[in-house]
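Here's the letter readout for the chains.
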Amino acid sequence: MMRLSGRFRAALIIGGQGIRARKLRTFLSMISLFLGVLGVVAAQAGQVIAYRALVASTELSMGVDGTQQIYVQSAENTGSVVMETVAGRADAVALLGTNAIIGEPNVRPVNEGGAPLDGSGGGWGPVMNCDPDGNCVDPNAGKPSGQAIELRVVALTGDVRQFRPLRLRSGQWLDFGGAPSMAPRLVLNEAAAKGFAMYQVPAEMRFQGATANSTPRFVGVVDDGNSQPQAYVRSDELLNWMPVDALANPMFGSPELLAAPTATDFIETLRKKIEALGDGNSLYVNRISAEDMMPGEIQMMRWVFLGVSILVLLIGSAGILNVGLATVGERIEEFALRRAVGTPRLLLAGIVLAETLLTGLLTALAAIGAGIAGLAAAGRLFGDRQPMLQNVTFPWEAGVAGVAAGLIAGVLGGLVPAARAARIPIATVMRA
């Protein structure tokens, strides 16, 4: 064991001396290999960034990987049970939605049903009011068109951004500390903000089931990936103007909750309370996983980046192999002399292989440094236009891949020269 360790140490020392003695050839090898390893680093970092871009829309509309998405069947007292159960929980947030109209009273909104204001979704028509017997009426029947916008309002019991990374574009996010305001503070999504920029409407908000109309305040704009105009508000500020059960109206969708992967006790408690309401009430739990929702796209992306990495690595290995063969050809007399004084063939091969491995490792470190600097520069220059580059950090997977690529290229580029050096006969020393 000590003998092998000594040979390994000797190979590294002599290999390092060879690198220092042949700086120009080492530099040429590093240039060739640098581009290959940098390609591997860039491909791996690109894969991580592309994965983020691929799942970004899913994270905005549904939640980050591992989030437990819970839907509660709407029924009488459902809203009260949900609000009571989620109160005080930091690992769960309830989202209760309804439609609101902001603008002139007693007029038909310009986008009935909360349709996209750019016309991309077509005309949705009004949300009908239906009684338990199924008799439905148009709440806007007979009303003239006026300056009013209909949008979906999502009442939050806490900061939903821990589950859905909504991107703040301007203003500020909802402050869940302190007493609720009597003038509901709304954070608009970009679709709603564009609508209110297009139409100058009075600041009066009305809901179905509200006790009175309220005066909202717009405090911020977020990107939530939704083309439908939507706003977010503290649930307690909305409940100043309407009963809690109005927020659980099945016409506007079932109550939704988002919980951390560890919030199993919360889910079981909520399940028991909902089932206790009777009438077959239940809840549906779905654990969000981008791998399950887009398996084909993610697998294809990984194969593409893997193929690119292998290709650029082979190109870099070919470059270091070419330089290595030329170097061995120039050092035939040196290796023959070492054989003549008793150097084992395995140690000769180790010397050559150590040089290529050290060259590959140094090149990998340089390529990783260039990748870190390049990614940081891209974030500063293009982060404001490309959300996937905002606050992006150099992925550790790319660093590991770069080191592995440098060592693999060193082995691939050094095996043939090492074998050639080990086969040099002792008689070659007579040429000198």
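Computed from a predicted structure; not experimentally measured.

**Description of the overall build of the protein chain**
Here's step 1: Per the secondary structure count, the protein chain includes 11 helices and 12 strands.
Here's step 2: Taken across its 432 residues, the protein chain has 44% of its residues classed as buried.
Here's step 3: Pairs at least 24 residues apart make up 84% of the contacts formed inside the protein chain by residues separated by at least 6 positions.
Here's step 4: For the protein chain, the accessible surface area stands at approximately 20,900 Å², while carbon and sulfur atoms represent 61% of it.

**Regarding the UniProt feature "transmembrane region" (unreviewed entry) in the protein chain**
Here's step 1: Feature annotation in UniProt assigns "transmembrane region" (unreviewed entry) to the following positions: residues 303-325, 346-378 and 398-422.
Here's step 2: Annotated as 100% helix and 0% strand, the span residues 346-378 places its first and last C-alpha atoms 47 Å apart.
Here's step 3: Taken end to end, residues 398-422 is 100% helix and 0% strand, and its first and last C-alpha atoms sit 35 Å apart.

**What to know about the side chain of D91**
Here's step 1: Tracing the backbone through its elements, the reader meets D91 in the loop between α3 (78-86) and β2 (92-103).
Here's step 2: A distance of 2.9 Å separates a polar atom in the side chain of D91 from a polar atom in the side chain of R89.

**Structural notes on the side chain of Q68**
Here's step 1: Here Q68 shows up in strand β1 (residues 68-72).
Here's step 2: When residues no more than four places from it in sequence are discounted, the contact partners of Q68 are L257, L258, A259, A260, P261, T262, A263, I267, V285, N286 and R287.

**Quick word on the pairing of strand β7 (residues 185-189)**
Here's step 1: Of all the 5 residues making up β7, 5 are buried; the element is thus mostly covered by neighbouring parts of the structure.
Here's step 2: Alternating residues of β7 divide into R185, V187 and N189 and L186 and L188, and every residue in both groups is buried.
Here's step 3: Bridging between β7 and strand β9 (residues 217-223) involves 5 bridges; their strand directions are parallel. Counterpart to L188 in the pairing with β9 is V221.
Here's step 4: Across 2 bridges, the pairing between β7 and strand β10 (residues 230-234) is antiparallel. Note that in β10 the partner of L188 across the bridge is A231.

**Things to note about the packing of α3 against helix α6 (residues 264-275)**
Here's step 1: Taken N-terminus to C-terminus, the directions of α3 and α6 make an angle of 155°; their axes are 10 Å apart at the nearest point. Classified by the angle their axes make, α3 and α6 are roughly antiparallel. Two packed elements cross with a definite hand, and for α3 against α6 that hand is right-handed. Across the interface between the two elements, T78, V81, V82, E84, T85 and V86 of α3 pack against F266, T269, L270, K273 and I274 of α6.
Here's step 2: Grouping the amino acids of the contact of α3 with α6 by side-chain chemistry returns 6 nonpolar, 3 polar and 2 charged.

**Notes on the nonpolar core**
Note that soluble globular proteins tend to have their nonpolar side chains buried in a common cluster.
Here's step 1: Of all hydrophobic cores here, the largest spans 36 residues; its most connected members are I70, L151, L238, L257, F266 and L270.
Here's step 2: Among all residues touching I70, those that are not within four sequence positions of it are P255, E256, L257, A259, F266, I267, L270, L283, Y284 and V285.

**Here's the deal with the packing of aromatic side chains**
Here's step 1: Inspection of the entire model under this criterion finds 2 aromatic pairs.
Here's step 2: Their ring planes at 50° and their centres at 6.0 Å tell us that W173 and Y232 sit as a pair that is tilted. In this pair, W173 is assigned in the loop between β6 (167-171) and β7 and Y232 in strand β10, connecting sequence segments 59 residues apart.
Here's step 3: On the accessibility criterion, W173 (7% relative accessible area) is buried.

**Regarding the pattern of salt bridges**
Here's step 1: Within the structure shown, the criterion is met by 12 salt bridges.
Here's step 2: Where R108 meets E112, a salt bridge forms, and the shortest distance between an N and an O atom there is 2.4 Å. For the pair R108 and E112, a shared accessibility class is recorded, and that class is buried.
Here's step 3: With its nearest N and O atoms 2.3 Å apart, the salt bridge here joins R185 to E237. Remark: E237 occurs in helix α5 (residues 235-238) and R185 occurs in strand β7; sequence separation between them is 52 residues.
Here's step 4: Relative accessible area serves as the criterion here: at 17%, R185 is assigned to the buried category.
Here's step 5: On the accessibility criterion, E237 (0% relative accessible area) is buried.
Here's step 6: Through salt bridges that share partners, R167, R169, E190 and D223 make up one connected network.

**Digging into the environment of L156**
Here's step 1: Note on placement: L156 falls in strand β5 (residues 148-156).
Here's step 2: The class for L156 is buried, based on a relative accessible area of 1%.
Here's step 3: A C-alpha to C-alpha distance of 5.1 Å links L156 and R234, two positions 78 residues apart in sequence.
Here's step 4: If sequence neighbours within four positions are ignored, L156 has contacts with A94, L95, W173, L174, F176, Y232, V233, R234 and S235.

**Some thoughts on α6**
Here's step 1: Across its 12 residues, α6 extends 17 Å between first and last C-alpha, which sits within 8% of the 16 Å expected from 1.5 Å per residue.
Here's step 2: The complete set of buried residues in α6 reads F266, I267, L270 and I274. Take α6 and look down its axis: the buried residues cluster within an arc of 95°, on one side only.
Here's step 3: Against the buried residues of α6 lie β1, α3, β2, β11 (256-259) and β12 (283-287).

**As for unusual backbone geometry**
Here's step 1: Notably, N106 is not glycine yet its phi reads approximately 60°, a positive angle.
Here's step 2: If you trace the backbone, N106 turns up in the loop between β2 and β3 (129-130).

**Here's the deal with a nonpolar patch on the surface**
Here's step 1: Side chains of W303, L306, I310, L314, I408 and L412 sit close together on the surface and give an oily, nonpolar patch of about 590 Å² of accessible area.
Here's step 2: Sorting the residues of the nonpolar patch by element identifies α8 (295-330) and α11 (396-422) as the ones contributing at least two each.
Here's step 3: Tallying contributions element by element places α8 first for the nonpolar patch, with 4 residues.
Here's step 4: With respect to the helices and strands, the residue L306 is situated in helix α8.

The rules behind these values
- Residues numbered from 1 in each chain as written.
- Predicted model: local features only at pLDDT ≥ 70, side-chain atom pairs only at ≥ 80, totals over all residues.
- Heavy atoms only, no water.
- Helix = DSSP H or I, 4+ residues; strand = E, 2+ residues; numbered from the N terminus.
- Buried < 20%, exposed > 50% of the residue type's maximum accessible area, 1.4 Å probe, protein only.
- Contact = heavy atoms within 4.5 Å.
- Areas by Shrake-Rupley, 256 points an atom, 1.4 Å probe, with all protein chains shown as cover.
- UniProt positions renumbered as here; feature names shortened; annotations may be inferred.
- Polar contact = N/O pair within 3.5 Å; in protein donor to acceptor, adjacent residues only side chain to side chain.
- Pairing = 2+ DSSP bridges.
- Axes fitted to C-alpha atoms, helices over the stretch in contact; angles between N-to-C directions.
- Parallel < 35°, antiparallel > 145°, perpendicular 65-115°, else oblique.
- Left-handed = near helix turned anticlockwise from the far one by under 90°.
- Nonpolar A, V, L, I, M, F, W, Y, C, P; charged D, E, K, R; others polar.
- Core = buried A, V, L, I, M, F, W, Y, C linked by side-chain atoms within 4.5 Å.
- Phe/Tyr/Trp six-rings, centres within 6.5 Å; stacked < 30°, edge-to-face > 60°.
- Salt bridge = Lys/Arg side-chain N within 4 Å of Asp/Glu carboxyl O.
- Expected span 1.5 Å × (residues − 1).
- Arc of directions from axis to C-beta.
- Patch = residues over 30% accessible without salt bridge, like charges linked within 9 Å, V, L, I, M, F, W, Y side chains within 5 Å.

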